[in-house]
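Structural description and commentary
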Amino acid sequence: MDRSGGRARHSGDLIAALSGRSPARNLHSDVLWELGLAIVSGQFAEGEILPPDSDLLDRFGVSRTVLREALKTLAAKGLIEARARIGTRVLPRNRWNLFDADVLAWFFELGPEVGFLRSLAEVRIGIEIEAAALAAERCKAEDAARLIEWVDKMARSETPADFARYDLEFHRVVAEASGNPFMASISALVEMALTAAFTISSPVNDPVALEVTVGVHRRIAEAIRDGDSHAARLAMRDAISQGFDRAAGRMEKSV
C-alpha cells in the first residue's frame, strides 16, 4: 500500500498503527525495510557478501549517507557485519536480534508460519506469566483499574483492529504493573504476536471466541487485582495458549 494514502504499506506499518505509533516515512526507513526483508527472506543468504555500495545506490536511488545509515541500523540489529577489504557480510541467523521490532516484522511480512507463531507463544509464556505474577504482588489500585478498563473495551470491540489495540494495551499495563523494567522490553514481541492474531484470526467476529478471550483476560485482571499470583500465572498462560491455538487452527484450515 502507498504510504501517502495513510494506510499500512506493510506489516511494519500495521504493527506501528496498532501500537499507536506513527509509521516511519522517509528514505532511510524504505531502504532499511527493503534490505532487511531481502536478508530475512534469503535473497541475500547467510554468509553472503552484499553488493557493493555503488550497486545498492543505483538500486535504491538514495544518497550515500542514507545507504550508510540503513546499513548501520542493520548491523545494530545483528543482520550484517562490515569488514575492511572484504565487504558487508550477512551474519548467521543466530546472531540476529529476534526481539527487534523490525526483524520480527520482516519475518511476519514473509507470511507467518505455525512454527514461528509457536516460538513467539513459547517466549511469551516464559516471560509474561511471570510478569502477571509480579503484577499481582506489586500492582497499584490504579493499575488494576486500568486492566479492568481495557478488558471492558475488548468486550465492546466492534472491529478486529480495535480489539488488537485494546489487547496490546492490556498486556502493556501488565508489564508496567510488574514493576520490572525488563518486562516492557519484550513489547515488540507482544506486538508481533497480537498483530499475527489480528490478521489471521480475530475473535471479534465470533461471539463464542470473543466471550472466551475476554473471559480469560478478565481472569488475569481480577487475579492481579486480588493479589493472587498463582491464578495470574495460570490465566496468562491460558490467554497466550488460546491465542496461538486460534491462529494456528485457522492457518491449518486454510492449507
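Below you will find a few notes about this structure. All chains use their own residue numbering, which begins from 1 and follows the written sequence. Where totals are concerned, whole chains, interfaces and linings use all residues; where local detail is concerned, this predicted model gives features only for residues with pLDDT of at least 70, and gives and counts side-chain atom pairs only at 80 or more. Excluded from the side-chain calculation are hydrogens and water; included are all heavy atoms of the structure.

As for the packing of aromatic side chains
- The pairing test for Phe, Tyr and Trp rings, Trp by its six-membered ring, is centres within 6.5 Å, and the orientation test on the planes gives stacked under 30 degrees, edge-to-face over 60, and tilted for anything in between. Under the definition given, this model contains four aromatic pairs.
- Here F107 and F116 contribute two aromatic rings whose centre-to-centre distance is 5.6 Å and whose plane-to-plane angle is 20°, an arrangement assigned as stacked. One exposure class covers both F107 and F116, and it is buried.
- The structure contains a cluster of three or more aromatic residues connected by ring pairs, namely W96, F107 and F116. Exposure classes here rest on a 1.4 Å probe applied to the protein chains alone. A residue is buried below 20% of its type maximum, exposed above 50%, and partly exposed in between.

With respect to the pattern of salt bridges
- Salt bridges are defined as contacts in which a side-chain nitrogen from Lys or Arg sits within 4 Å of a carboxyl oxygen from Asp or Glu. All told, the structure shown has 17 salt bridges when counted by the stated rule.
- One salt bridge in this structure joins E169 and R172, with 2.9 Å as the shortest N-O distance. Taken together, the residues span about one helical turn, with E169 and R172 both in helix α8 (residues 160-177) at a distance of three residues. Secondary structure is summarised from DSSP: a helix means a run of H or I of at least four residues, a strand means a run of E of at least two, and numbering begins at the N terminus for each.

A short note on the pairing of strand β2 (residues 87-90)
- Any two strands are treated as partners once DSSP identifies two or more bridges connecting them. Bridging between strand β1 (residues 80-83) and β2 involves four bridges; their strand directions are antiparallel. Note that in β2 the partner of I80 across the bridge is V90.
- Between β1 and β2, which pair antiparallel in sequence order, lie three residues; one of them, R85, sits at a positive phi of approximately 65°.

Here we look at the side chain of T213
- The topology assignment puts T213 in helix α10 (residues 207-225).
- Assessed through its relative accessible area of 6%, T213 is described here as buried.

Quick notes on unusual backbone geometry
- With a phi angle near 65°, R85 is a residue other than glycine that sits in the positive phi range.
- Looking at the secondary structure, you find R85 in the loop between β1 and β2.

Points about the nonpolar core
- Core analysis: the biggest nonpolar cluster contains 76 residues, and L35, L79, W106 and L117 have the highest contact counts within it.
- Among the elements that make up this core, the one with the highest residue count is helix α6 (residues 114-138) (11 residues).
- Residue ranges assigned to the domains are those given by an automatic or database domain assignment. Summarising the domain contributions, this core has at least three residues from each of domain 1 (11-95) and domain 2 (113-253). To define a nonpolar core, start from buried Ala, Val, Leu, Ile, Met, Phe, Trp, Tyr and Cys residues and group those joined through side-chain atoms within 4.5 Å.

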